[in-house]
Amino acid sequence: MTLKYTRRAVVAASLAVGLMAGAMGSSAASDRITLRLATAGSETDQRSVAMAEVFAPMVKDFVDYQPGYNATLFAQGTELEAISRGNLEMSIASAQELAQFFPEFSIFATGYVHQDAEHQVRVFNDPLMDPFKKKVEDELGVKLLSVMYLGRRHVNLRQTKDELTVKTPADLAGVNLRMPGTDAWQFLGSALGASPTPMSFAEVYTALSTGAVDGQDNPLPTVVDAKFYEVTNQIVLTSHLVDLNYIAFSKAVWDSLTPEQQEMVQKAADAAAESGRKKQLELEDSLASFITEQGVEIYEPDLAAFRDHVQAQYVGSEFAASWPEGVLEKINALGN
């Protein structure tokens, strides 16, 4: 908890600088602006493709769009602070990263909470999200424009199915599972029954190939995009997280835009999110056969056992304690 509030204090001190920069730039709103997007994803990642092929063309009349892939602009996990300091304009941020600053965001990173991609959109556009969005704007200087569907995350292991067959969380005991380094991610890894290991995305392929970790969790399109099928032998379709990202935008830059420009940026972000969502869903439906052709076994475990076990871990946890009263019920009510 100390880390969270320390980071928020540092950001609060630098936020005034970013806001000042935005105010200084507001008079030049009619000029072309540069929007740099920092992401840990590759150029072929569907989120990256959607931003480059949908977002960028829609704002090209007044924006020079400059994406930085594979964490080349900023290290994964530091992008939000960079936006807050005025050093970056855009990123693709996870709920887990936001939970580092605002613990209540962990509710959107909880196992088996979101039901599917459509449920994510309903939740993001519902008034229940308004206080969450406002807090991020006011205290971090980041505007959340739209929600992107990353996919259903599954457990992907080096061991063959003959060496380890996973049916329940108990079967993952002792499995060294790479998870991103935030507290919310690490907690989810433990809730699955594994031994989570924090590691940046860029290091995962090598760690799997050398045996430094036993596995990782990601949607099937990411498994293919990052070629994890080359260094793993099985995928357990746990569907433990219907994962999402937010298109994060500098509030200072947003405030420097004209109302017409703001409208175009918002429409472009929503269109990119919708395009990426559709393509990601299509990929999920089609990639299983490709992955099995590479020699990776894919099978479904006891999903009820995983769902019950994971949700039980959150009861009484520090994460659940940070959730605003009634929000989980509102999220559930928006489901199918």
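### Some points on the confidence of the model for the chain
Here is step 1 of the chain: The predicted model of the chain averages 91 in pLDDT, with 91% of residues at 70 or higher.
Here is step 2 of the chain: With pLDDT under 50 throughout, residues 1–6 is counted as low confidence; its partners more than four residues away or in other chains account for eight contacts.
Here is step 3 of the chain: Of the regions scoring below 50 in pLDDT, residues 20–29 engages in eight contacts with residues more than four places distant in sequence or in other chains.

### Details of the layout of surface pockets
Here is step 1 of the chain: What the largest pocket holds in volume is close to 460 Å³.
Here is step 2 of the chain: Along the walls of the largest pocket sit 30 residues, with Ala40, Gln76, Glu97, Pro180 and Phe201 positioned nearest its centre.
Here is step 3 of the chain: Counting residues per element, the ones that place at least two in the lining of the largest pocket are β3 (90–94), α4 (95–101), β4 (142–157), α9 (220–225) and β8 (234–250).
Here is step 4 of the chain: Here the lining of the largest pocket takes three residues from β8, the largest share from any one element.
Here is step 5 of the chain: For the lining of the largest pocket, a count of residues per class yields nine nonpolar, 13 polar and eight charged.

### A closer look at the packing of aromatic side chains
Think of a pair of aromatic rings as described by two things: how far the centres are apart, and how the planes are tilted against each other in angle.
Here is step 1 of the chain: As enumerated under the stated definition, the model contains 14 aromatic pairs in all.
Here is step 2 of the chain: Seen from their ring centres, Phe201 and Phe228 are 5.8 Å apart, and the 65 degrees between their planes marks the pair as edge-to-face. Of this pair, Phe201 sits in the loop between β6 (195–198) and α8 (204–210) while Phe228 sits in the loop between α9 and β8; the two residues are 27 residues apart in sequence, bridging distant segments of the chain.
Here is step 3 of the chain: Of the residues examined, Phe201 reaches a relative accessible area of 21% and is grouped as partly exposed.

### Describing empty space enclosed by the protein
Here is step 1 of the chain: If you walk through the whole model with that rule in mind, you get one cavity of 30 Å³ or more.
Here is step 2 of the chain: Approximately 40 Å³ is the volume attributed to the largest cavity.
Here is step 3 of the chain: Forming the boundary of the largest cavity are Phe108, His114, Gln120, Val123, Phe124, Met129, Val147, Leu244 and Tyr246.
Here is step 4 of the chain: Residues of the lining of the largest cavity, tallied by class, amount to seven nonpolar, two polar and no charged.

### Brief notes about helix α2 (residues 46–58)
Here is step 1 of the chain: Counted at 1.5 Å a residue, the expected span for α2 with its 13 residues is 18 Å, and the 17 Å between its end C-alpha atoms agrees.
Here is step 2 of the chain: Buried residues of α2: Gln46, Arg47, Ser48, Val49, Ala50, Met51, Val54, Phe55 and Ala56, and no others.
Here is step 3 of the chain: Next to the buried residues of α2 lie β1 (33–38), β2 (63–68), β3, β4, β8 and α11 (259–293).

### So, the packing of helix α7 (residues 183–191) against helix α12 (residues 303–314)
Here is step 1 of the chain: Viewed as axis vectors pointing N to C, α7 and α12 meet at an angle of 135 degrees, and their least axial separation amounts to 9 Å. Judged by the inter-axis angle, α7 sits oblique to α12. As α7 packs across α12, the resulting crossing turns out to be right-handed. Counting all contacts with α7, which are made through Phe187, Leu188 and Ala191, the residues of α12 involved are His309, Val310, Gln313 and Tyr314.
Here is step 2 of the chain: Of the residues assigned to the contact of α7 with α12, the class counts are five nonpolar, two polar and no charged.

### Quick word on α12
Here is step 1 of the chain: Here α12 is twelve residues long and its end C-alpha atoms lie 17 Å apart, about the 16 Å a rise of 1.5 Å per residue gives.
Here is step 2 of the chain: Within the span of α12, buried status applies to Leu303, Phe306, Val310 and Tyr314. On an axial view of α12, the arc spanned by its buried residues comes to 65 degrees, and they lie on one face.
Here is step 3 of the chain: Buried positions along α12 lie against α7, β8 and α13 (318–321).
Here is step 4 of the chain: With a side-chain oxygen lying 3.3 Å from the backbone nitrogen of Ala304, the N-terminal cap of α12 falls on Asp302.
Here is step 5 of the chain: Just downstream of α12 lies Gly316, where phi reads positive at about 80 degrees.

Calculation rules
Residues numbered from 1 in each chain as written. Predicted model: local features only at pLDDT ≥ 70, side-chain atom pairs only at ≥ 80, totals over all residues. Heavy atoms only, no water. pLDDT = per-residue confidence, 0-100. Contact = heavy atoms within 4.5 Å. 1 Å grid on protein atoms, 1.4 Å probe; cavity = no way out; pocket = protein on both sides within 12 Å on 5 of 7 lines; lining within 4 Å. Points joined across faces, edges and corners; volume = space filled by probe spheres on them. Helix = DSSP H or I, 4+ residues; strand = E, 2+ residues; numbered from the N terminus. Nonpolar A, V, L, I, M, F, W, Y, C, P; charged D, E, K, R; others polar. Phe/Tyr/Trp six-rings, centres within 6.5 Å; stacked < 30°, edge-to-face > 60°. Buried < 20%, exposed > 50% of the residue type's maximum accessible area, 1.4 Å probe, protein only. Expected span 1.5 Å × (residues − 1). Axes fitted to C-alpha atoms, helices over the stretch in contact; angles between N-to-C directions. Parallel < 35°, antiparallel > 145°, perpendicular 65-115°, else oblique. Left-handed = near helix turned anticlockwise from the far one by under 90°. Arc of directions from axis to C-beta. Polar contact = N/O pair within 3.5 Å; in protein donor to acceptor, adjacent residues only side chain to side chain.

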